[in-house]
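Chain by chain, the residues run as shown.
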Amino acid sequence: MRKVTTYQLIDGIKRNLALLIVPAIVFFGLVFGLGMQKVGGSYEASAILIATAGEDEEISYNKIILNEKLGNIYSEIIKSPDLYKRVANDLKKGGSTLDFKEIMAKSDFDVNPQAGLISLSYNDDNKDRAADALKSICENFRQMAKDYLNADNLAYLHEVLVDQASKKKLLIFSVAAGVAGAILGLAIVIIKTLLSDNIADEDDLRDLDFDVLGSSDEISKIKAKIDHRLQDGVLGITSLGKVDSYELAKALAESLAPANGVLFIDSKNAGEIEGKFLSDENSFKVLRKGEIDYLAFPAKASDRIFDTNEFFAEIANRENSYNYILIDQKSLETADPYLTARLCDMEVILVDGKTKKSTLDKAISDLRELGIDYCGVVYHK
């Protein structure tokens, strides 16, 4: 696992915001959707039952609620499908088509055995049906408690009330789920960043022991390093991935030109030289533009031209006429940089955040096998 700085983690988070946002939205939506399905409507009916003492009996803890076991029995009765089957039959008399499973899904309860309180609620999009359903749940529950426990001491602390359904609890749980989703996304981003083979930035290149010339906006620094290490010679400039090296090569040529003779070879005709001034293997046409001499090839013909003896002879004949010959090549995914390798004293490779370390390692190894000892890397901004 590679070493990753805090800055790189932050940058990884910025580049992978979707991995934070999407899980948060999915978790929030899932919990909210399931909650809304459970809530089932805009109206909430509520009632509270209390276990009371018998007539002429002193009210005591033991009379209000026998023990924890009795509270558990109440809970099991309320969760029993038989209770809701009875309720479904009651509601059918009023024209309802709900089955007992739907009624169970819309119901909720809470048993407090210490206080002898049983809170029940039912949600529905029909106000009258919400009241009727909860009333039936309460009455059938009381009857079942009487049948099974011989307990006729459940009374209403408050009768069935219907109000607008509160979604406060649902929103709290949904937000909590969204936060959990974001935390999961953050963990994924951190793991992805730690395990990623992509180059994060210029500092990452240095940490990975590449020879870094600078970033693409530091032309003066790159020029100074090239001047110090190469002094004069043939300089190949290429790239990895979709990033193009032309702007870097042109800026570098313009930076070197005031104090040096510079020949700039544009293998992609990115400078858009008119067709009649383009060169081929049989005719090399040098154009003067400002302080730079230009030699431009049609983009589709560069690999064919670079593979000819005529091109090598042309460069060999002109090498003593210039301090620097810059060859702007197509990417390292093409043949161009490898065809010109035996001419180049140095290769500058432009990379970006999508470039993989393993790909850059292999490319530099391949170039060194072809005789280029020095390969400087520039990070594209």
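Higher on the page you've got the structure.
Nothing here was measured: the structure is a model prediction, and the numbers come from that model. (Residues numbered from 1 in each chain as written. Predicted model: local features only at pLDDT ≥ 70, side-chain atom pairs only at ≥ 80, totals over all residues. Heavy atoms only, no water.)

1. Things to note about the environment of Tyr 374
Here is the rule: Helix and strand labels come from DSSP, where a helix needs a run of H or I of at least four residues and a strand needs a run of E of at least two; each type is numbered from the N terminus. The contact definition used throughout considers only heavy atoms, calling two residues in contact when any of these lie within 4.5 Å. Any pair of N or O atoms that falls within 3.5 Å is considered a polar contact. Within protein, one atom must be able to donate a hydrogen and the other to accept it, and sequence-neighbouring residues count only if both atoms are side-chain atoms.
With respect to the helices, strands and loops of the structure, Tyr 374 is situated in strand E12 (residues 374-379). Distance from Tyr 374 to Asp 211, taken between C-alpha atoms, is 8.6 Å for residues 163 residues apart in sequence. With sequence-adjacent residues up to four places away left out, Tyr 374 is seen in contact with Asp 211, Leu 213, Arg 229, Met 346 and Glu 347. Among the polar contacts listed, one links the side chain of Tyr 374 to the side chain of Arg 229, at a separation of 2.2 Å.

2. Quick notes on the pairing of strand E8 (residues 286-289)
Under the convention used in this document: Pairs of strands are assigned from DSSP output, requiring at least two bridges between the strands.
Sheet analysis places E8 next to strand E9 (residues 292-296), joined by four bridges and oriented antiparallel. Bridge pairing links Arg 288 to Asp 293 in E9. Connecting the antiparallel pair E8 and E9 is a turn made up of two residues, with Gly 290 showing a positive phi of about 70°.

3. Let's talk about the packing of aromatic side chains
Selection rule: Here is the rule: rings of Phe, Tyr and Trp (six-membered ring for Trp) pair when centre to centre is within 6.5 Å. Planes less than 30 degrees apart are stacked, more than 60 are edge-to-face, and the remainder are tilted. Under the scheme applied here, a residue whose accessible area is under 20% of the maximum for its type counts as buried, over 50% as exposed, and between as partly exposed, the area being computed with a 1.4 Å probe on protein chains only. Working rule: Lys NZ or Arg CZ, within 6 Å of ring centre, within 35 degrees of ring normal, means a charge sits over the ring.
Evaluated as defined, the whole model comprises nine aromatic pairs. Note on Phe 264 and Tyr 294: the rings are 5.4 Å apart at their centroids and 80° apart in plane angle, and the pair reads as edge-to-face. Of this pair, Phe 264 sits in strand E7 (residues 262-266) while Tyr 294 sits in strand E9, and the two are 30 residues apart along the sequence. Of the two residues, Phe 264 and Tyr 294, both sit in the buried class. Pairwise contacts between aromatic rings join Phe 284, Phe 297, Phe 306, Phe 311 and Phe 312 into one cluster. Sitting over the ring of Tyr 294, Lys 289 keeps its end group 4.9 Å from the ring centre.

4. Quick notes on helix H13 (residues 309-318)
Here is the rule we go by: Here, the arc refers to the directions that run from the helix axis to the C-beta atoms.
Within H13, burial applies to Phe 311, Phe 312, Glu 314 and Ile 315. Buried residues along H13 cover an arc of 160° about the axis, so they all sit on one side. Residues of H13 that are exposed and point over 90 degrees away from its buried face: Asn 309 and Asn 317. In this structure, the buried side of H13 is in contact with strand E6 (233-239), E7, helix H12 (302-306), strand E10 (324-328) and helix H14 (336-339).

5. Concerning the pattern of salt bridges
Close approach of charged atoms allows side chains of opposite charge to pair. For the record, the criterion: Note on definitions: salt bridges are taken to be side-chain nitrogens of Lys or Arg within 4 Å of carboxyl oxygens of Asp or Glu.
Here the structure, examined in full by the defined rule, presents 18 salt bridges. In this structure, Arg 206 and Glu 202 form a salt bridge, with 2.8 Å as the shortest nitrogen-oxygen distance. Highlighted residues: Arg 206 and Glu 202, both in helix H9 (residues 202-207), separated by four residues, approximately one helical turn. Relative accessible area serves as the criterion here: at 35%, Arg 206 is assigned to the partly exposed category. Classification of Glu 202 as buried rests on a relative accessible area of 11%.

6. Structural notes on the sheet that holds strand E1 (residues 43-51)
Where we set the bar: Each axis is a line fitted through C-alpha atoms, taken for helices only over the stretch in contact, and angles between the N-to-C directions span 0 to 180 degrees.
Taken in spatial order, the four strands of this open sheet run E2-E3-E1-E4, and their pairing is antiparallel. Sheet topology places strand E2 (107-112) and strand E4 (154-164) at the edges, where each strand pairs with a single neighbour. Each adjacent strand pair in this sheet contributes to an overall mean axis angle of 15°, direction not counted. Two strands pair when backbone bridges link them, and E1 and E4 are joined in this way by eight bridges, in the antiparallel orientation.

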